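One letter stands for each residue in the lines below.
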Amino acid sequence: MLQIHDRVLNSQSFDTLTMLTLLAISALVVYGLLDLIRSLAFQAMGSAIVRRLNAPVLASAVQASVNQGLSRAAQSLRDLSELRGFLTSSAVVAPLDAAWSPIFLGALFLLHPLFGLVGVVSVVVLICCGLVNDILTRQLTKEANQANVEAVSKIAGSLRHAEAIEAMGMLPALARRWRTLQIHALGALEAGGSRSKAMTSMTRSLRYSIQVITLATGALLVLDQAITPGAMMASSILVGRLLIPFDTIIENWRQWVLAVAGWRRIEAAIGEEMAIRQTTPTPHSAGEMIVDKLVYAVPGVEVPIIKGVSFSLSPGEVLGVVGPSAAGKSTLARLLVGILKPTSGGVFLDGHNTYLWERGSFGEKVGYLPQSVSLLEGTIRENIARMEDGDPHKVIEAARLAEVHEMIGRLPLGYDTPVGDGHLTLSGGQRQRIALARCLYNRPRLVVLDEPNANLDSLGERALVRAIQRMRDQGAIVIMIAHRPSIMQVADKLLVLENGRISQFGPRTDILTAVPGPGETLREVASA
Ligand SMILES: Nc1ncnc2c1ncn2[C@@H]1O[C@H](COP(=O)(O)OP(=O)(O)OP(=O)(O)O)[C@@H](O)[C@H]1O
């Protein structure tokens with residue numbers, strides 16, 4: 001602009017015009033290329049961060065799901081994908097553009113010190129606008145985000161019980177709750193949004209006004225013959241370029257606040273996970289299991305659920321855990337397989353703490369059947385092989401051990417039948433027996449079964465008893481919790497848990513014939 005005004009228009013040189021045009025276009029091509037490189041760099045950075053954090057975030061999500069429920073855990077996975085989106089958005093490059101402001105300011109000073117002064121004052125005014133914008137909107141944006149995260153996680157938790165919602169007409173009540181949860185989030189969102197929009201509009205008109213003021217200053221200087229008309233036009237454009245990044249930062253401030261909040265959540269989630277597990281894979285040997293003065297209280301709750309439980313088991317022993325409802329049996333099972341962190345004491349297998357044990361190597365030789373059976377999204381084969389590609393021989397061996405091989409063979413797609421939350425292809429009993437096969441995959445040496453016969457008919461129950469006997473013959477330690485006492489006949493030892501304490505423990509025959517006579521639960525076991 002400067003050169004065309006000052007050289008071409010005065011000299012009317014066609015060659016100069018051609019050269020200037022070519023130069024300007026070449027510079028713009030370079031600009032385009034650099035812009036592309038920068039975008040690609042951010043894209044690569046976003047992907048690299050996701051690749052690097054995927055595994056730790058998933059691990060922490062699993063841990064958070066164990067502690068606080070599934071819906072909250074899914075948030076860190078959402079946060080990670082939003083972080084990637086943020087890194088590829090235009091919001092992220094604005095501060096980098098703002099870093100060029102000294103160059104633009106220098107150019108303005110070169111054109112005329114007055115332009116430089118206008119530039120400096122404008123930058124200071126826009127930075128102040130940014131600070132005011134931050135003060136006005138940051139808290140509201142955070143609140144809205146937090147409220148929204150909680151609303152979504154609560155409703156996502158409810159959606160898992162869609163059948164109960166549909167059957168018992170709970171949808172209107174659920175919709176009311178959803179609306180109430182959303183009202184708070186929307187209120188904060190709208191208040192923050194309007195303030196931010198007001199600030200954005202204000203700074204935009206301010207920027208245009210500054211450009212007009214620069215042009216007016218330029219006109220005065222031209223009249224004064226202090227600069228050329230070309231310099232006047234160039235200064236207006238330079239001031240525009242100088243201020244655009246600050247304007248963009250103010251416009252996208254909300255995205256920055258949300259990205260930082262998301263990053264903090266990811267950091268906190270990963271921090272929790274990293275602190276508690278060992279990272280060295282530890283192979284299993286055929287040692288015994290020792291539960292030593294085990295105490296467990298839910299963090300923040302004073303009264304423990306498990307209150308000083310101690311016992312030990314040798315390879316090839318089957319322990320039956322019985323006791324009234326809410327005695328802490330499932331909590332004990334979770335502690336045994338290292339899902340929960342003991343408040344004090346510990347569970348030791350081959351002398352190693354099962355909670356601290358590196359999960360990959362621990363899981364290789366451990367089978368766990370949780371009380372609420374859930375198969376993962378995938379085929380039956382993948383589920384039995386614990387979502388690995390898995391040796392088909394081992395998959396079939398586990399299926400035979402759980403006596404589900406024939407049942408699977410009768411399914412339309414056999415081992416390739418898709419299962420998981422989205423598929424209603426299997427009955428409750430079938431799911432439980434496939435979960436048992438998953439539990440028995442790779443000949444585990446510790447098997448913990450929480451209510452393994454809850455959904456089974458007598459045929460399934462007999463198959464389960466045979467599977468437990470085979471595991472015992474292979475030298476595994478089997479611990480089973482059951483309300484229905486029919487499978488307790490296979491137990492070598494019995495543990496009676498009452499109110500988080502062991503009330504009786506020992507060989508099954510001793511306990512059933514002990515004086516004074518057995519309690520209600522034991523009477524059931526004895527008569528089974
Ligand atoms: N995460 C938790 N937060 C608070 N309380 C909990 C938590 N998990 C378990 N509890 C409480 O601990 C007690 C024992 O629960 P647990 O599920 O271990 O009992 P259980 O013996 O397996 O019962 P059931 O036989 O009915 O399955 C219950 O009173 C339960 O409310």
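Calculation rules
- Residues numbered from 1 in each chain as written.
- Predicted model: local features only at pLDDT ≥ 70, side-chain atom pairs only at ≥ 80, totals over all residues.
- Pairing = 2+ DSSP bridges.
- Helix = DSSP H or I, 4+ residues; strand = E, 2+ residues; numbered from the N terminus.
- Contact = placed C-beta atoms within 7 Å.
- Axes fitted to C-alpha atoms, helices over the stretch in contact; angles between N-to-C directions.
- Near = placed C-beta within 6 Å.
- Nonpolar A, V, L, I, M, F, W, Y, C, P; charged D, E, K, R; others polar.
- Expected span 1.5 Å × (residues − 1).
- Bend = angle between axes of the 7 residues up to and from the residue.

K.L.:
Describe the sheet that holds strand 4 (residues 344-349), naming the residues involved and giving the relevant values.
P.N.:
Two orientations exist for strands paired in a sheet by backbone hydrogen bonds: parallel and antiparallel. Taking strand neighbours across the sheet as the criterion, the 4 strands line up as 2-1-4-5 in an open arrangement whose pairing is antiparallel. Each edge of the open sheet is held by one strand with a lone partner, namely strand 2 (306-313) and strand 5 (352-353). As paired strands, strand 4 and strand 5 are joined by 2 bridges and run antiparallel to one another. Counted as the bridge partner of F348 is N353 from strand 5. The strands touched by helix 11 (residues 329-336) within the sheet are strand 1 (289-296), strand 2 and strand 4, with strand 2 carrying the most contacts at an inclination of about 55°.

K.L.:
Could you give an account of the site of the ligand, naming the residues involved and the relevant values?
P.N.:
In the vicinity of the ligand, the contacting residues are V298, I305, G323, S325, A326, A327, G328, K329, S330 and T331. For the shell around the ligand, the per-class residue count stands at 4 nonpolar, 5 polar and 1 charged.

K.L.:
Could you give me a rundown of the sheet that holds strand 12 (residues 501-507), with the residues and numbers involved?
P.N.:
Here we have 6 strands laid out as an open sheet, ordered 6-9-10-3-11-12, and mixed in their pairing. Where the open sheet ends on each side, the last strands, each with one partner, are strand 6 (366-369) and strand 12. Strand-to-strand twist across the sheet, computed as the mean angle between neighbouring axes with direction ignored, equals 10°. Two strands pair when backbone bridges link them, and strand 3 (residues 318-322) and strand 10 (residues 477-481) are joined in this way by 4 bridges, in the parallel orientation. Its bridge partner being in strand 10, G320 is matched across the sheet by M480.

K.L.:
Give a detailed account of helix 8 (residues 171-223), specifying residues and quantitative values.
P.N.:
An ideal rise of 1.5 Å per residue puts 78 Å on 53 residues; helix 8 measures up with 74 Å between its terminal C-alpha atoms. At I183, helix 8 shows its strongest bend, of approximately 25°.

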